[in-house]
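Below, each chain spelled out in residue letters.
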Amino acid sequence: MSDIIQLLPDHVANQIAAGEVVQRPASVVKELLENAIDAGATNIKLLLKDAGKTLIQVIDNGKGMSTTDARLCFERHATSKIRSAQDLFNLHTKGFRGEALASIAAIAHVELKTKTEEDELGNHIKIEGSKIGSQDFAATPTGTSIAVKNLFYNIPARRNFLKSDAVETRHIIDEFQRVALAHPEISFLLHHNGNEVYHLQSDNLRKRIVSIFGAKMNEKLVPIDEQTDILSMVGFVTKHEYSKKKRGEQFFFVNDRFIKSAYLNHAVVAAFDGLLEQGSHPSYFLYLTVPTKSIDINIHPTKTEIKFDNEKDLYAIIRATIKHSLGQYNVAPVLDFNR
Ligand code: ADP
Ligand code: MG
């Protein structure tokens, strides 16, 4: 029998990877915002048209890319963020897989403008279906702008599967809020169809939460602050009397990355003990910092689930700390606006 195995062409491999990485416009938003943060941006703009179906553009004032990098960033497994497998256990960036831009460029019309501080002129690249259409020098500010147009233009099944604009916008806002909460020190702007949705100034955490969820949130927040050998935890939980019938605003960040964990969520709820009414949920904004070598982030392409070495210990600390803080608040309610 003759040989029948072939290596897939890059554009096919990219499209397959895109199937995992890019579920919907919100996935693109997440990847682009995270790249902007990894580039050290202090100011990030997100512009949308038609719930991201027509346009998703992220403009940052980060470090930009050189002429060669501007082309290389669209290659699969091309990354500036890790060099070896060990680096996976010492991650200080959101990205490391080097496949987001390659995936996005396989399934959309993408336009990149980028310039580094040193360069006089920047680069302007157009790419679609993994093919670079043009690369020119262009006058552009230091930083990067990536416009993703007509997502899934070449995958009708995916395009047709997208939900209504309202639903897709909701998913985008969720991603935007997660990133904005993870980085209160960064300014964010969000425009949708020309209308301003969010304009968030660089702020402390309490003010960032309030500017996203409204002034009423301020009085509901109980500060949490605990440092132990295996974990530091800061943030807020809402007082039990403000718990919600529908699931509230629940955010866990681990080393500045939003994560989902039913187990850790349970630790928070358990801390409220008998305080919660049946079927009601507290809101929380909890920021955990753990040693990078004690977690594995590389267990899912979207990186919202992570594996902890010592999940049971974290559970115990989270539960005890929140319980203690709630108890303190009940004895001596404080409103500390500086935290
Ligand atoms: P990853 O983020 O996992 O490295 P991506 O495909 O998202 O992979 O990006 C590839 C590379 O392109 C990054 O490692 C980075 O060097 C560069 N890059 C992407 N976005 C930006 C940006 N906004 N500013 C500067 N460099 C960027
Ligand atoms: Mg990335």
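Presented here is an overview of the structure given in this document. This one's a predicted model, so the numbers in the text were calculated from it and none came from an experiment. (Residues numbered from 1 in each chain as written. Chains lettered and ligands numbered in written order. Predicted model: local features only at pLDDT ≥ 70, side-chain atom pairs only at ≥ 80, totals over all residues.)

**Topic: the sheet that holds strand 5 (residues 131-138)**
- The strand order across the open sheet built from eight strands is 5-4-3-6-2-1-7-8, with neighbouring strands paired in mixed fashion. Two strands bound the open sheet, and with one partner strand each, they are strand 5 and strand 8 (195-200). Adjacent strand axes in the sheet meet at a mean angle of 10°, parallel and antiparallel pairs treated alike.
- Pairing between strand 3 (residues 109-115) and strand 4 (residues 122-128): six bridges, direction antiparallel. Across the sheet, residue L112 finds its bridge partner in strand 4, namely I125.
- Strands in contact with helix 2 (residues 25-38) are strand 1 (43-49), strand 2 (55-60) and strand 6 (143-149); relative to strand 2, the strand with the most contacts, it is inclined by about 10°. (Pairing = 2+ DSSP bridges. Helix = DSSP H or I, 4+ residues; strand = E, 2+ residues; numbered from the N terminus. Axes fitted to C-alpha atoms, helices over the stretch in contact; angles between N-to-C directions. Contact = placed C-beta atoms within 7 Å.)

**Observations regarding the sheet that holds strand 12 (residues 257-259)**
- If you walk across this open sheet you meet the five strands as 9-10-13-11-12, and the pairing is mixed. Edge positions in the sheet fall to strand 9 (221-227) and strand 12, since each has one partner strand and no second. Here the strands of the sheet are splayed against their neighbours by 20° on average, with no regard to which way each runs.
- Sheet analysis places strand 9 next to strand 10 (residues 232-238), joined by seven bridges and oriented antiparallel. Within strand 10, the residue paired with V222 across the bridge is V237.

**Section: the packing of helix 2 against helix 6 (residues 165-182)**
- Interhelical geometry of helix 2 versus helix 6 gives an angle of 20° and a closest axis separation of 8 Å. Relative to helix 6, the element helix 2 is oriented roughly parallel. Crossing handedness for the pair helix 2 and helix 6: right-handed. Along its contact with helix 2, which presents P25, A26, V29, K30 and L33, the element helix 6 presents E168, H171, I172, D174, E175, F176 and V179. (Parallel < 35°, antiparallel > 145°, perpendicular 65-115°, else oblique. Left-handed = near helix turned anticlockwise from the far one by under 90°.)

None of this, on its own, says anything about what the molecule does.
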